[in-house]
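# Structure assessment
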Amino acid sequence: MSLSGKYFVETYGCQMNEHDSEKMCELMEQLGLESGDSADSADVVIINTCAIREKAEHKVHSSLGKIRAAKLRNPDMVIVVAGCVAQQQQHELSKKFRHLDLVLGTHNISELPDLVEKIRKDRQSIIRVGFAEDIRSLHMTAPRRGPRPICSYVTIMQGCSNFCAYCVVPYTRGREQSRSLVEILEEVSQLCSRGVKEITLLGQNVNAYGKDLGNGNRFTELLEKISNTRGLVRIRFTTSHPRDFDASLATALGSLDKVCEHIHLPLQSGSDRILSSMKRGYSFSEYLNKIEILRSKAPKCSITTDIIVGFPGESDDDFKSTLTALEQIRFDQIFSFKFSPRPGTKAEHMADQIPEKIKKERLAEVHSIQDKITQGYHKQLEGSVVEVLLEGRGRQNQFYGRTRTNKIVNFDDTGSYREGTVVRVKILRGLNHSLFGKIV
Ligand code: SAH
Ligand code: SF4
Ligand code: F3S
């Protein structure tokens, strides 16, 4: 069967969620629907949600509130909540929001078209959130939409088996499931034959790729094999876990031409006591040791990280260790968050929760230290020439792209270059969050 009309997808959360949304767009188009430009006028509205922190979780409430009036005008509208909040809250959501038609779990994406048709026919709401042994959407290909079609995501694994004390992901996405190597290679080469130049390999813990398949860690092997794909220019990957980081990955980052020199390696805290209470599986000195290996084998590699401030029990001294870690390692960029207690995790009810005011102060301190470091790196690049993959046209007739080290570069549109070309750009100005230059 096929349907007509428009669909609209709203997405929160990580790149994995963005990619799931791309898969849902693909499925809606296969069903005969066209992409619309607003939720209010769409026939199927999908809200793909994130539960990582309380603030993210709450967004779905306001989105559902906003769409209520449109649903009253168009009772045939099908409203879907997908993603991590759907997985976590299940029945709560449909009890609270009577106009919600479908709660779709993270393992059930492939069922979306059938369920939408069923709802259109029976006019009854459905909750579909069961975990699967083999997630069918893991095998789907979905090219990127929107402004960067030359870059594409490829999922290499879904879920996480680490159970860090603060994190909902193992509960919302299930345990680690790696995709087969053959299937990944096939997808990459298909995308490249359609003009994709850069792929980003996705997973919560990419450098543990293959462990669950029983032959040990095969991430570096995967990078080597993907490197042989004709037409592919750049390979990126995210996220890596420090515990599974080894010298072979450092070597790959330093030696494989297509693998971009950038790694996102979340540290979370500089205090051993907190790292242990977070159940991260490494001490600060082990982390530092890995950074040293990385810098010796891949000296040009940029390193970014995630930091949580105000984890339960974090003393002033613990927090100072995090600040010292930032000064010592000098990350290229960081993403920092105030600890947010998540339902069902170990840290939710831990003793010594830190007051909001202190979390706020600590976050501000982290920002002020890191901003100087990031700006320092950007200033250092002034006058140098970097390789940029042209990704698209931005504001004021400027082009934008990224360096191999994942820094955003804007430069004037010369008119003679096309998206997907690698150009050499001289950096004229190192700004706070990006670089500005001219093609040489
Ligand atoms: N798989 C990745 C990251 C997943 S979530 C990893 O293992 O590192 C992205 C980031 O969100 C985490 O690195 C962490 O810094 C942050 N985060 C996760 N749960 C959080 C919570 N309850 N409160 C605040 N930040 C959190
Ligand atoms: Fe969450 Fe830890 Fe898994 Fe990352 S490794 S997704 S922080 S449980
Ligand atoms: Fe959020 Fe789920 Fe990603 S909780 S960060 S959307 S895995």
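See the structure above.
These notes cover the structure that comes with them. (Residues numbered from 1 in each chain as written. Chains lettered and ligands numbered in written order. Predicted model: local features only at pLDDT ≥ 70, side-chain atom pairs only at ≥ 80, totals over all residues. Heavy atoms only, no water.)

Taken together, the neighbourhood of ligand 3 is formed by Cys14, Asn17, Cys50, Ala51, Ile52, Cys84, Val169, Arg173 and Gln204. Lining the shell around ligand 3 are residues from two domains, each supplying at least three of them: domain 1 (6–128) and domain 2 (143–260). (Near = heavy atom within 4 Å. Domains from an automatic or database assignment.)

Judged by nonpolar contacts, the single largest core of 54 residues is most densely connected at Leu201, Phe219, Leu223, Phe237 and Ile263. Discounting residues that sit within four places of it in the chain, Leu223 has contacts with Leu201, Ile235, Phe237, Leu249, Ala252, Leu256 and Val259. Counting 25 residues, the second-largest nonpolar core is a separate cluster that includes Val60, Cys84, Ala86 and Phe97. (Core = buried A, V, L, I, M, F, W, Y, C linked by side-chain atoms within 4.5 Å. Buried < 20%, exposed > 50% of the residue type's maximum accessible area, 1.4 Å probe, protein only. Contact = heavy atoms within 4.5 Å.)

So, on to the site of ligand 2. Every residue close to ligand 2 is listed here: Cys160, Asn162, Phe163, Cys164, Tyr166, Cys167, Val169, Pro170, Gln204, His241 and Arg280. Partitioned by chemical class, the residues of the shell around ligand 2 number seven nonpolar, three polar and one charged. (Nonpolar A, V, L, I, M, F, W, Y, C, P; charged D, E, K, R; others polar.)

Here we take up the packing of helix H11 (residues 284–297) against helix H12 (residues 316–329). One way to put it is that H11 packs onto H12 with a least axis distance of 12 Å and a crossing angle of 10°. Judged by the angle between their axes, H11 and H12 are roughly parallel. Contacts between H11 and H12 involve Phe284, Tyr287, Leu288, Ile291 and Arg295 on the former and, on the latter, Ala325, Gln328 and Ile329. (Axes fitted to C-alpha atoms, helices over the stretch in contact; angles between N-to-C directions. Helix = DSSP H or I, 4+ residues; strand = E, 2+ residues; numbered from the N terminus. Parallel < 35°, antiparallel > 145°, perpendicular 65-115°, else oblique.)

What follows covers the sheet that holds strand E5 (residues 102–104). The strand order across the open sheet formed by six strands is E2-E1-E3-E4-E5-E6, and the pairing between neighbours is parallel. Two strands lie at the open edges of the sheet, namely strand E2 (34–35) and strand E6 (126–128), each paired on one side alone. For E5 and E6, the ladder comprises three bridges, and the chain directions are parallel. Paired with Leu104 across the two strands is Arg128, which belongs to E6. (Pairing = 2+ DSSP bridges.)

The subject of this paragraph is H12. Along its 14 residues, H12 runs 20 Å from first to last C-alpha, staying within 8% of the 20 Å computed at 1.5 Å per residue. Along H12, the residues that are buried comprise Asp318, Phe319, Thr322, Leu323, Ala325, Leu326 and Ile329. Looking straight down H12, one finds that the buried residues subtend no more than 155° of arc, so they occupy a single side. In H12, the exposed positions angled more than 90 degrees off the buried face are occupied by Asp316, Asp317 and Lys320. (Expected span 1.5 Å × (residues − 1). Arc of directions from axis to C-beta.)

Of all bends in helix H2 (residues 54–73), the biggest is about 35°, found at Ile67. Listed in full, the buried residues belonging to H2 are Ala56, Glu57, Val60, Ser63, Leu64, Ile67, Ala70 and Lys71. Here the buried face of H2 lies against strand E1 (6–11), strand E3 (44–49), strand E4 (78–83), helix H3 (84–89) and helix H4 (91–96). (Bend = angle between axes of the 7 residues up to and from the residue.)

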